[in-house]
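Residues per chain, in single letters:
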Amino acid sequence: MTNLNNIKATNDFVIRFANINGSGSASANNLFAKSVFRLGIPVSAKNIFPSNIQGLPTWFEVRVSEKGYLGRREGYDFIVATNGQTLVRDYNELSAGGYFFYDSSRLLPETLKRNDITEIGIPLTDICNKHYSDPRLRQIFKNIIYVGALAYLFDMDFTVFEDSIKSQFAKKAKLIEPNIKALKLGYDYAQEHYTDDCQLNIHRRDLVGDKIMMEGNTATGLGAVYAGVTVAGWYPITPSTSVIEAFEMYCRKFRVDEETGKNKFAIVQAEDELAAIGIVIGAAWNGARSFTATSGPGVSLMSEFLGLAYFAEIPAFLVDIQRSGPSTGMPTRTQQSDIFAAAYASHGDTKHVLLFPSNPKECFEMTVQGLDLTERLQTPVIMMSDLDLGMNVHLSDPIDWDDSHAYDRGKVLDYDGLEAKKERWGRYLDVDGDGIPYRTIPGAHPKKGAFFTRGSSHDEYAVYTEDGKVYAEGMQRLLVKWDTAKSIVPQASIKNNNKDIGIVYYGTSSYAAKEADDILKQQNIELDKMRIKAFPFGKEVEDFVNSHSTVFVIEQNRDAQMKSLLVNELQVDPNNFIGILNIDGMPITAQFIADEIRHNLGNNETLKVVK
Amino acid sequence: MSYLRSNFRHPDAKVNDIGFTKRDYEGALSTLCAGCGHDSISAAIVDSYFEMNIEPHKVAKISGIGCSSKTPTYFLGKAHGFNSVHGRMPSVATGANMANRDLQYIGISGDGDTASIGMGQFAHIVRRNLNIIYIVMNNGCYGLTKGQDSATSDIGSASKKGVPNQFASIDLCQMALQLGAGYVARSFSGDKKQLGPLIKGAIEHKGFAFIDVISPCVTFNNTPSSTKGYEYVRDHLDATGTIDFVPHRQELTIKQPEGTSKEVELHDGSKLILQKNRHDYNLASKREAMNVIETVKEEQQILTGLIYLNEESQDAHAKINSVENPLNSLSKDDLCPGSSVLDALNEGFR
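Residues numbered from 1 in each chain as written. Chains lettered and ligands numbered in written order. Predicted model: local features only at pLDDT ≥ 70, side-chain atom pairs only at ≥ 80, totals over all residues.

## Quick look at the overall build of chain B
Across its full length, chain B holds twelve helices and 13 strands. Rg of the C-alpha trace for chain B: 21 Å, near the compact-globule value of 20 Å for 350 residues, within the 12% margin. Dimensions of chain B, computed from C-alpha atoms along their principal axes, come out at roughly 75 × 50 × 50 Å. Split into buried and exposed, the 350 residues of chain B put 53% on the buried side. (Helix = DSSP H or I, 4+ residues; strand = E, 2+ residues; numbered from the N terminus. Rg over C-alpha atoms; globule rule 2.2 N^0.38 Å. Buried ≥ 20, exposed ≤ 12 C-beta atoms within 10 Å, placed from the backbone.)

## Section: the domain arrangement of chain A
Residue and element names in this part refer to chain A. Taken domain by domain, chain A holds domain 1 (9–201), domain 2 (214–396), domain 3 (412–477) and domain 4 (493–603). The centre of domain 2, based on its C-alpha atoms, is set 27 Å off from the matching centre of domain 4. Breaking the side of domain 2 that touches domain 4 down by element, the ones donating at least two residues are helix 11 (339–343), strand 14 (353–355), strand 15 (380–386) and helix 13 (387–391). Split by residue class, the side of domain 2 that touches domain 4 holds eleven nonpolar, six polar and three charged. (Domains from an automatic or database assignment. Nonpolar A, V, L, I, M, F, W, Y, C, P; charged D, E, K, R; others polar.)

## Notes on the sheet that holds strand 10 (residues 231–234) of chain A
If you walk across this open sheet you meet the seven strands as 11-10-12-13-15-14-23 (chain A), and the pairing is mixed. Of all the strands in the sheet, the pair left with one neighbour each is strand 11 (266–269) and strand 23 (534–535) of chain A. (Pairing = 2+ DSSP bridges.)

## Brief notes about unusual backbone geometry
All names here are of chain A. The omega torsion of the bond from Gly325 to Pro326 falls at -5 degrees, within 30 degrees of zero and hence cis. In this fold, Pro326 is placed in the loop between strand 13 (316–322) and helix 11. The omega angle of the peptide bond from Phe535 to Pro536 is 5 degrees, so this bond is cis rather than trans. Within the element layout of this structure, Pro536 appears in the loop between strand 23 and helix 17 (539–546). One non-glycine residue, Ser327, lies in the positive phi region at around 50 degrees. Here Ser327 is to be found in the loop between strand 13 and helix 11. By C-beta crowding, Ser327 is classed as exposed, having 8 other C-beta atoms within 10 Å.

## Observations concerning helix 4 (residues 135–153) of chain A
Residue and element names in this part refer to chain A. With 19 residues, helix 4 ought to run about 27 Å at 1.5 Å a step, and its terminal C-alpha atoms sit 27 Å apart, in line with that. The largest bend in helix 4 is about 25 degrees, located at Phe141. The element helix 4 is extensively covered by neighbouring structure, given that 14 of its 19 residues are classed as buried. Just downstream of helix 4 lies Asp155, where phi reads positive at about 60 degrees. (Expected span 1.5 Å × (residues − 1). Bend = angle between axes of the 7 residues up to and from the residue.)

## Focus: the sheet that holds strand 21 (residues 501–505) of chain A
All names here are of chain A. Taken in spatial order, the five strands make up an open sheet running 20-22-21-24-25, and their pairing is mixed. Edge positions in the sheet fall to strand 20 (493–495) and strand 25 (577–581), since each has one partner strand and no second. Pairwise comparison of adjacent strand axes, ignoring direction, gives a mean angle of 20 degrees for this sheet. Where strand 21 meets strand 22 (residues 528–531), four bridges bridge the pair, whose relative direction is parallel. Counted as the bridge partner of Tyr505 is Arg531 from strand 22. (Axes fitted to C-alpha atoms, helices over the stretch in contact; angles between N-to-C directions.)

In structure tokens:
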């Protein structure tokens, strides 16, 4: 089939793999994405998987971008269709001029007739059946064969794949040769039958420097090890489970006492999320660094305990890997929709410190920072990651660690501290004026420093009280602490060139927001930019909002939760905000953001569009 | 208030072997109702820790919510306490224990706190075999919300409201047994002679020690028609045998007629001396213990005393193979891999 308008591109296109869940396709697809990375080209990979272990459709999208755009891009230039269940859909969703790669062991249904695409049929099943007799190997190598074929079709340096296989199976050497053989089977077949059919190329560049490809959850688990976490309580929930798995893996690597073989960590799989956060709070109360990871439903269950930790002023670090809600929602799709649930978790007047990482390196750093902050502030700190960041590999700067970093254990009076104290110590006495009192750890001193921690109202000496004035003073003092928090949480990163219009974004919306800014710039729409990194908001956030007549808040939720949080917490005009909201569970795209902003600017005469 | 305590302390007040007076083991004045069984349990806890020569500040007291969960304020005032969330004491205790295995832990809960809202957490702290004493102050009702039936209320038992309970009662000792507790006992707040040795035995037991203490609610559930009132409980007690606790190093001075008593040695060499009675069975047999509970129940009696003891079980720290030093004492040098391994780590992601 020949097409006049074949898509032609080098190092700038999107390929979608359509697979069956549980068929081993993920590792083959990752091998492909990793190979692009090893050819020195920025790449992003999104695993679009079902809530299922085996059998349901799953997709994997790889965006190759020489320009370094790492957000998801709509439109598929090349589809590898190996799943009969979704064949028709995949066929129809391919962009005009695109390439449809399928297993030609079976003919395509006659109903599938497009003359604006190129069909590339490779008989994956037949090749497998011919070369392998073990049914399991046939399934696994079918995936490797199509990767081999892609290597030819995209004119990729084959040695990269060979090297990848060699390093992947360094410890299982006997698997190297059969994998390379499978790659070659695909490569050779494509070379013979589709010599010049594909106009998409992936050619070696030197654009990734010392960057790494890492999942946010892996970075978070590693961060917890570096931050000195010793106790983790957790309950399995997608997409947070791999945080604890990574924590355990690195603990087993770095935290087993060489002499005794005993563990310098305790990981407790709890009976539910209530218990998980209870374990975290109990351990933190008793002087150990602790953490848990969960997702939206878990945050709901933890809310009562978070109120206790807020009011009784106990450190608690938790990681929320957000997914699509409400309720079970779309548990394997991404969203940024727990902002309210986390910021104001629990009954009564409560608010919590939030951190918003945007890439794996920040997941690592904010985990370390979060554990310092929670002990410094004696209040819960929640790191708001999401499924996209947590469970997909992302191109990221390498992990960095400064050996001179000392853990900030906050205001703790130990034996000597209690001995040296002349005046009466009060657990909730604000002696420094920053709203943060001094705490003691159980067992520190035989005579001094013991107190009764409670979620019921207490005076400055931790004594139960129902005196409304004393209660109110305590609650007001927590606001003093909240103000202190504003000055020590990460500041927003701002690019302000005195334009009229600003965009605000956070977390994984950042990739697409930056790209949208470039798209709009080409259309002479210039925007100032602010990436929020933490809650409570610092003065810089309020200043940015107030210095723009229109502020677009880019989010992946329905109700513009961050926008509402800004309106609620700052002295700003609510009419100046416009939400750019994506809620389909797929990572937000730059084109969507750019279109929405342009649409809003075009339709609103009151807006002063810059040029 | 139950009683007003004088500040006066006799200058010659008895000190224990480590130099503390009884006063050092007391707490704030109780604000529970006069005659509340819980105050007797608090008193037994004070006596037990005093006599066991345990430094008060080396104990952590953790509770849930309810009348029972208020009591940690009333004993061991020199120890840190944590009045947590309703039904969630077990998870807080688990975290605390993971952080520092060197402290002693006493968890205080009630029948509502454990058998209803906290049933899930109760089941799992037992399974973990956390090294803790878990005391349920069991009065068969919700005192703090004015006397609703709890899940340990017996079928047909009627509290002050006069409506007999229709629903099956939960026997927490049987649950603890089934879930693998190493030390299971039941007592009565009105029987200090029995409760004291049981608490001491629990202190010495390494692993999960459960004591269900029937503790009448004088205000809402002390009626003639209640099976958790003083009168009914006194009339229906059936002990596994009288019990004495003999600390290690102390010479055995209790003289028992030959063949009527048996000794159970605890892990540190202390002994529990049990007077045999009609319930002479193998305390280390779960099956026999379960059988005796059911048999006594069929006779409309309440089995008290030490019901089950297994000194062989591994506690949670042994199960997860954690280091001997408390985790909260480890420094950055112990915990942080540092920059030297980063090159290799990063390379693994390229």
